[in-house]
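# Close look at the chain arrangement
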Amino acid sequence: MPTSRDQQPVTDQLTAANSRYAAKFTDPGMDAQPVLNVAVVACMDARLDLHAALGLRLGDCHTIRNAGGVVTDDVIRSLTISQRALGTRSIVLIHHTGCGLLDLTEDFRHELELEVGQRPAWAVEAFKDLDQDVRQSIQKVRTSPFLPHTDDVRGFVFDVRTGLLREIDPENGQER
Ligand SMILES: [Zn+2]
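Here's what I pulled together on the structure shown here. Only a predicted model underlies this, so the values are computations on that prediction, with no experimental measurement involved. (Residues numbered from 1 in each chain as written. Predicted model: local features only at pLDDT ≥ 70, side-chain atom pairs only at ≥ 80, totals over all residues.)

Counting residues in each nonpolar core, the largest one holds 27 residues, and the members touching the most others are Ala39, Val41, Ile91, Leu93 and Ile94. Put simply, the parts of the chain that give this core at least two residues each are β3 (38–43), β4 (61–66), α3 (73–84), β5 (90–96), α5 (130–142) and β6 (153–158). Considering every element that reaches this core, the biggest residue donor is β3, with five residues. Apart from residues no more than four positions distant in its own chain, valine 41 is found in contact with Ile64, Gly69, Val71, Val75, Ile91 and Leu93. (Core = buried A, V, L, I, M, F, W, Y, C linked by C-beta atoms within 7 Å. Buried ≥ 20, exposed ≤ 12 C-beta atoms within 10 Å, placed from the backbone. Helix = DSSP H or I, 4+ residues; strand = E, 2+ residues; numbered from the N terminus. Contact = placed C-beta atoms within 7 Å.)

Structurally, the position occupied by leucine 56 is in the loop between α2 (50–54) and β4. In this structure leucine 56 comes out as partly exposed when scored by C-beta crowding, with 18 C-beta atoms within 10 Å. When the C-alpha atoms of leucine 56 and arginine 135 are compared, they prove to be 24 Å apart, with 79 residues separating the residues in sequence. Those residues within four positions of leucine 56 in sequence are excluded, and the remaining contacts are Leu50, His51 and Cys61.

With 13 residues, α5 should reach 18 Å at 1.5 Å per residue; the first-to-last C-alpha distance of 18 Å fits that figure. Those residues of α5 that sit buried are Leu130, Asp133, Val134, Ser137, Ile138 and Val141. Each buried residue of α5 sits inside an arc of 145 degrees when the element is viewed along its axis, so together they form one side. Those residues of α5 that are buried are in contact with α3, β5, β6 and β7 (165–168). (Expected span 1.5 Å × (residues − 1). Arc of directions from axis to C-beta.)

What follows is the structure, encoded as structure tokens:
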């Protein structure tokens, strides 16, 4: 069983931490609509602490994360529910420096198929240019027919070494 830090199985560490968390937890009495009416789409990278990096508190936003922070059909599904059922209006897209997807290609998918004998239905969504992929992601969100609110969609690259966000200009490929 995988262990880390104190040789306890990692999931046991998590559930022990949860017991301590729950002991101090008080019901915030919130409903499911995010306080700031914003949804954040970001990479799953472990070095990106969204709440700390963006000054977010419990209940403030929806966070939708996957490998790369790419706008897949499933991300559109979550954003659609976020906007239509839970009242969010703004979308923030975050990629980051040193992303694992920069080192992958669609070969990953072909190698996987050779190994397991089945072609995955999903694309790897690998990219070589962070800024360009953020621009494409903004475009995908803005042109989705399912999303009623696409006037406030902004995209960023988070620098894992400095903790700073850099905004990507969606139009002309220049940094803002
Ligand atoms: Zn990443």
